[in-house]
Amino acid sequence: MPELPRDRSHFYLQNVGQPEQYTTRQRPRTPPPPVRERETHARALEAALNRAIEGARARPEVRPPQEVASGGFYLQFQLPPGNTEFVQNIENRSKGIELVSVRQSDDNAPAFATVFIPFRSANYFQRILDEYRTQVTAKAQRPRHEALVNRIDSIALAAIRALFTDDENLLPAQDAQTWWEIWIRGGLVEQFQAVARTLGVNVAEDQIIDFPEREVFLAQSDFETLGRLMARTDAM
């Protein structure tokens with residue numbers, strides 16, 4: 001095979017580089033969980049969790065009793081800085097518990113994970129906390145679920161602000177009509193559209209982006225009405 005001619009012009013760059021320290025491409029290891037006083041920490045989280053569940057059931061917008069079995073609510077978990085990678089462990093798809101948003105302003109700030117929880121699984125985290133407080137692992141004799149529970153600083157009933165993942169300084173005024181990008185959980189588009197119509201939320205139904213587990217809509221609403229929409233649907 002004949003050799004191709006080497007008559008192409010080339011660029012030769014000289015004295016344009018500078019040395020830099022090697023940076024690993026591996027992700028930094030998640031730090032160990034904070035040391036907690038077991039009984040105090042468990043009791044504080046149990047009290048916060050119970051308040052959140054009671055608040056969810058008492059909301060004026062809560063579903064009628066016949067629909068509670070299929071409904072749910074949102075909890076917000078606060079984790080210490082450096083533990084963002086661990087938020088997936090809060091999720092439990094077999095129980096219908098789904099991570100819907102994670103927010104952290106910078107690497108040195110706490111992380112906030114918002115999770116949807118069906119009413120039928122409302123006692124899941126209560127059981128986790130009870131086992132953490134009262135049981136130990138067979139081999140290491142450490143509190144059960146320690147890696148998870150010790151990473152939780154606080155638990156609260158989530159409001160609509162918890163689903164906003166951009167800089168909070170960008171939030172509009174409470175009563176300003178704004179176009180929002182809303183990510184709908186799989187299979188709940190019709191529920192979302194029905195409640196949106198009831199509340200007078202303008203949904204651009206001809207501008208939809210489909211993902212495997214989400215559908216993205218544009219909806220025009222003020223912030224207060226958007227919060228009512230969140231309370232009356234499991235879709236967001």
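Residues numbered from 1 in each chain as written. Predicted model: local features only at pLDDT ≥ 70, side-chain atom pairs only at ≥ 80, totals over all residues. Heavy atoms only, no water.

1. Notes on the pattern of salt bridges
So, point 1. Summed over the entire model, instances satisfying the criterion amount to twelve salt bridges.
So, point 2. Across the pair Arg43 and Glu46 runs a salt bridge, and its minimum N-O distance is 3.6 Å. Taken together, the positions of Arg43 and Glu46, both in helix α1 (residues 38–58) and three residues apart, correspond to about one turn of that helix.
So, point 3. Residue Arg93 pairs with Glu91 through a salt bridge whose shortest N-O separation is 3.0 Å.
So, point 4. Exposure remark for Arg93: the relative accessible area of 45% places this residue in the partly exposed category.
So, point 5. Take Glu91: its relative accessible area is 19%, and that puts it in the buried class. (Salt bridge = Lys/Arg side-chain N within 4 Å of Asp/Glu carboxyl O. Helix = DSSP H or I, 4+ residues; strand = E, 2+ residues; numbered from the N terminus. Buried < 20%, exposed > 50% of the residue type's maximum accessible area, 1.4 Å probe, protein only.)

2. Remarks on the nonpolar core
What tends to happen in soluble globular proteins is that the nonpolar side chains get buried as a cluster.
So, point 1. Residues Phe73, Leu75, Phe77, Ile90, Phe125 and Ile155 are the most contacted members of the largest nonpolar core, which totals 30 residues.
So, point 2. Those elements that provide at least two residues to this core are α1, β1 (72–79), β3 (111–118), α2 (124–134) and α3 (146–149).
So, point 3. When residues no more than four places from it in sequence are discounted, the contact partners of Ile155 are Leu45, Ala48, Leu49, Leu75, Gln76 and Phe77.
So, point 4. Of all hydrophobic cores here, the second largest spans 27 residues; its members include Leu171, Trp180, Ile182 and Val203. (Core = buried A, V, L, I, M, F, W, Y, C linked by side-chain atoms within 4.5 Å. Contact = heavy atoms within 4.5 Å.)

3. A word on the sheet that holds strand β4 (residues 154–157)
So, point 1. Ordered in space as β2-β3-β1-β4, the four strands form an open sheet in which the pairing is antiparallel. Edge positions in the sheet fall to β2 (98–103) and β4, since each has one partner strand and no second. The sheet shows a mean angle of 25° between the axes of neighbouring strands, taken without regard to direction.
So, point 2. Relative to β3, β1 is paired through eight bridges, and the arrangement is antiparallel. When the bridges of β3 are listed, Gly72 appears paired with Pro118. (Pairing = 2+ DSSP bridges. Axes fitted to C-alpha atoms, helices over the stretch in contact; angles between N-to-C directions.)

4. Digging into the packing of helix α4 (residues 189–199) against helix α5 (residues 223–232)
So, point 1. At a minimum axis distance of 10 Å, the contact between α4 and α5 shows a crossing angle of 140°. Taken together, α4 and α5 sit at an angle that is classed as oblique. α4 and α5 meet at a crossing whose hand is right-handed. Between α4, through Phe192, Val195, Ala196, Thr198 and Leu199, and α5, the contact on the second element is made entirely by Thr225, Arg228, Leu229 and Arg232.
So, point 2. In terms of residue class, the contact of α4 with α5 is built from five nonpolar, two polar and two charged. (Parallel < 35°, antiparallel > 145°, perpendicular 65-115°, else oblique. Left-handed = near helix turned anticlockwise from the far one by under 90°. Nonpolar A, V, L, I, M, F, W, Y, C, P; charged D, E, K, R; others polar.)

5. Quick look at the confidence of the model for the chain
So, point 1. Summing up the model confidence of the chain, the mean pLDDT is 85 and the portion of residues at 70 or higher is 86%.
So, point 2. Within the chain, no element has a lower average pLDDT than strand β7 (residues 209–210), which sits at 84, and none a higher one than α2, at 97. (pLDDT = per-residue confidence, 0-100.)

6. Considerations on the packing of aromatic side chains
So, point 1. With the rule as written, the count across this model stands at eight aromatic pairs.
So, point 2. Geometrically, the ring pair formed by Phe73 and Phe119 is tilted, given 5.3 Å between the ring centres and 40° between the ring planes. One end of the pair, Phe73, is in strand β1; the other, Phe119, is in the loop between β3 and α2, and 46 residues separate them in sequence. The exposure classification of Phe73 matches that of Phe119, with both residues buried.
So, point 3. Judged by centre distance (5.0 Å) and plane angle (55°), the ring pair of Phe77 and Phe125 falls under tilted. On the criterion of sequence distance, the pair formed by Phe77 in strand β1 and Phe125 in helix α2 is long-range, its members being 48 residues apart.
So, point 4. The class of Phe125 is buried, set by a relative accessible area of 4%.
So, point 5. One aromatic cluster in this structure is built from Phe77, Tyr124 and Phe125. (Phe/Tyr/Trp six-rings, centres within 6.5 Å; stacked < 30°, edge-to-face > 60°.)

7. Side note on a nonpolar patch on the surface
So, point 1. Together, Trp183, Ile209 and Phe211 make up a nonpolar patch on the protein surface, roughly 310 Å² of accessible area in all.
So, point 2. When you line up the elements, Phe211 lands in the loop between β7 and β8 (214–221). (Patch = residues over 30% accessible without salt bridge, like charges linked within 9 Å, V, L, I, M, F, W, Y side chains within 5 Å. Areas by Shrake-Rupley, 256 points an atom, 1.4 Å probe, with all protein chains shown as cover.)

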